[in-house]
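# Observations on the model geometry
Okay, here's what each chain looks like letter by letter:
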Amino acid sequence: MASNLSAEDLLRSATQGFDHLFANDIDAAQKAFQSEDTPFHLLGLGVVAFLQAALGMEMGLMDEATRCLAASEAGAKKQARAAKSLPSNHRFEAGMEWEVMHADAVVLLGLTHALGESYRGYLQCFLRFHSAHSKFNKLFTRMVSNPTQLQRQPLCHRARGSDGSLRSSVIQSKPTAAPKSGFFSRWFAPSSSVAAPGTITNPPSGPVEELVLSGTAFGYGLFNLVLSLLPAKIRNVVGFFGFNHDRMLALQALAVSAAGSDMHSVFAGLVLMTYHGVVLLLSGYQADEAHIIKQYKAIVSRVDGRYPDGSLWILNKAKIQRMTHDTEGAIETLRDGLKPERKKSFPQADTLLRFELAWTFLAHRRYEETAKQFLEITNLNSWFSVLLSPYSHRSHATYYFIAAGCYFSLKDYDRAQELLDKIPGQLDKRKLSGRDMPTEAFIKKKRSSSSESFLTFNQPHIAIVAFYKRKQARLGGDEKRFVEAIRISPAEEIAIFWNTHARIESSVAIAHIQEWSSLTPAITDIESKYLKTPVTTTANDDLDTVDELAIRSLLLGIVHRTLAEYAAARAFLLDAIKRAPDVEISSWVGGLSAFELAVLDLKEADMRAADVKPEEAMVMWEGVLAGASEKLDQSYALSAKQTDLSSRLDSRIVMLRDEISDKRELLGLPA
């Protein structure tokens, strides 16, 4: 039955549901959305079902999400057409609020198709994204009078807002000719400009205008940001179909949306939190880390102030603490968020807290607590959506692999072997698409061998972790106890891909160095005050394969860099690159080592620049930035399609290239 309420009243009603959702109260959110049968409310029901399905991978809920979102899409389209013949009851063109809602529904429907991981689903997602991208571009162009002017904002001034607010980061720094009037013009124009309707000095009036402003900025910013972060080869393909992007403009548009107060502002804040968190975690180097952290904190504080009980905001508070070396604070925040007495009806989101807690424990060498958390996750039947977590893998095999590595470090070899023995059964389970997750492909490499390459990975009789079984055989031990052949913890090895060792405490880094340098053969050709000496000789070398030696050098290079011991770090990373062509199964070592070497160059240059004259620093930076870019080219070339977790490395390369570009702009150097 059609409602007699106005669009503004309906939007206010639906907003109550989103308020409950952002505060973790799923039951109350669903009740609010079920109170009316309108595109606003149907979109809300679709969002709830989508989040539950994406975080818990419950396909029944995905079907419900698709039903609600399709109904919302159809309803919004009908309302938009009808509104064209009526006078507008706000300062925008009639029906623009329904156009925004229609585009929202189209985007979410595209994501529901993508999560099925079928080729048909990806095609449907692509077609819907193309439609939504076109819609948001048109809406944004109608509101922004001069988009080309916005694309040339000086980077240094977007990072230097005097009050540190979100809005200050998108104000143009230098006076220019007065732009044509446009809805967003005041956000990007000099202070002497005449205020346009719905801007900072003349804000939108009522929830409908807020929806149009914030929704348009959010959609436009989201698409540009996602496209800018795609690996180069994928970005080139989608560019052929008309998908263009501008990362800086995307961040500015998202900041405009996040500074609002409607539901889009919260989602824009979440996207910005995720982006800043991913850059801090995985790019390795930041052109202006202090600014990123400042903006990250401001966004989290704004949303957390409105919804202090929301798991997603608790999660990001803890991430900031971990990124700023407050490990104990992060652990306390996450534990508080997981307390049994805390009211929560969004278990899928709460699982993200446990996942973050597990990695935080691992970064602190608290192995028993790490294993406990990862094993607990396997009991929750949950995985993490790419939109909400940079670590996204719904792989119980991965969690068993990490937990086994933790028990190995604790010298509880029986428990470690027990968990390793469970991995084949997990790997052989069929996924929704019949394909392996990236970490599963990595683990399967550890099961395979060149002598068994004719066997398919899904055959259950393949020997588990055959790499270590062969080593155990060489040592004359029982192959069923192949855990005894492991010398470097699988947990620490897989943590390389999450860049876990880059922000650990100095005491932890030194403990790692002491452990890995105590393994034979002893390290005799690289000097470091932290290496274990003397090393007790053994009848058989602890590390007797090129793979193990290359991985040890890579790990030692990373942790020495964390300690700012750059000479030793460089020597170890170069050693890893030298060994990479001869590895048997660790195909990822060469590309990742070249990437880490680029990060080292940039970090070392930051330190050196503080001790030389400005003109000398500029000359130095020219060479360093060019050299780092060349190393990223090398990393990309070594990261072949068949390389383990190559897509993750590709994304990290894209992020670091952006940081190099930002550094050039901050220094005033040509691109």
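Everything discussed here concerns the structure shown above.
Below or above, wherever it landed, is the structure these notes cover. (Residues numbered from 1 in each chain as written. Predicted model: local features only at pLDDT ≥ 70, side-chain atom pairs only at ≥ 80, totals over all residues. Heavy atoms only, no water.)

A count of helices and strands for the protein gives 29 helices and zero strands. The buried share among the 671 residues of the protein stands at 59%. (Helix = DSSP H or I, 4+ residues; strand = E, 2+ residues; numbered from the N terminus. Buried < 20%, exposed > 50% of the residue type's maximum accessible area, 1.4 Å probe, protein only.)

We now examine the environment of Lys529. Structurally, Lys529 is set in the loop between helix 24 (506-517) and helix 25 (546-562). Note: C-alpha distance between Lys529 and Glu565 (36 residues apart in sequence) is 9.5 Å.

When you line up the elements, Asp575 lands in helix 26 (residues 566-579). Take Asp575: its relative accessible area is 8%, and that puts it in the buried class. Engagement of the side chain of Asp575 in a polar contact is seen with the side chain of Ser553, the distance being 2.5 Å. (Polar contact = N/O pair within 3.5 Å; in protein donor to acceptor, adjacent residues only side chain to side chain.)

Right, let's get into the packing of aromatic side chains. Within the structure shown, the criterion is met by 18 aromatic pairs. Summarising the aromatic geometry, the rings of Phe18 and Phe267 are spaced 6.4 Å apart at their centres and angled 85° between planes, so their arrangement reads as edge-to-face. You can see Phe18 sitting in helix 1 (residues 7-22) and its partner Phe267 sitting in helix 13 (residues 263-282), a full 249 residues away along the chain. For Phe18, a relative accessible area of 2% translates into the label buried. What links up through ring pairs into an aromatic cluster is the set Phe18, Phe22, Phe33, Phe267, Tyr307 and Trp313. (Phe/Tyr/Trp six-rings, centres within 6.5 Å; stacked < 30°, edge-to-face > 60°.)

On to the nonpolar core. One finds Trp359, Leu602, Trp621 and Leu656 to be the most contacted residues of the largest nonpolar core, which totals 90 residues. When sequence neighbours within four positions are dropped, the list of residues in contact with Leu656 reads Ser283, Tyr285, Phe595, Ala598, Val599, Leu602 and Leu632. Among the nonpolar cores identified, the runner-up in size contains 83 residues, and Met101, Leu251, Leu254 and Ile293 belong to it. (Core = buried A, V, L, I, M, F, W, Y, C linked by side-chain atoms within 4.5 Å. Contact = heavy atoms within 4.5 Å.)

So, about the packing of helix 15 (residues 311-323) against helix 17 (residues 347-363). For the pair helix 15 and helix 17, the least separation of the axes is 8 Å and the interaxial angle reads 15°. Comparing their axes, helix 17 and helix 15 come out roughly parallel. The handedness of the crossing between helix 15 and helix 17 comes out as left-handed. Between helix 15 and helix 17, the contacting residues are Ser311, Leu312, Ile314, Leu315, Lys319 and Arg322 on the first element and Ala349, Asp350, Leu352, Leu353, Glu356, Trp359, Thr360 and Ala363 on the second. (Axes fitted to C-alpha atoms, helices over the stretch in contact; angles between N-to-C directions. Parallel < 35°, antiparallel > 145°, perpendicular 65-115°, else oblique. Left-handed = near helix turned anticlockwise from the far one by under 90°.)

Take it as geometry only, folks, not as evidence of what the structure does.
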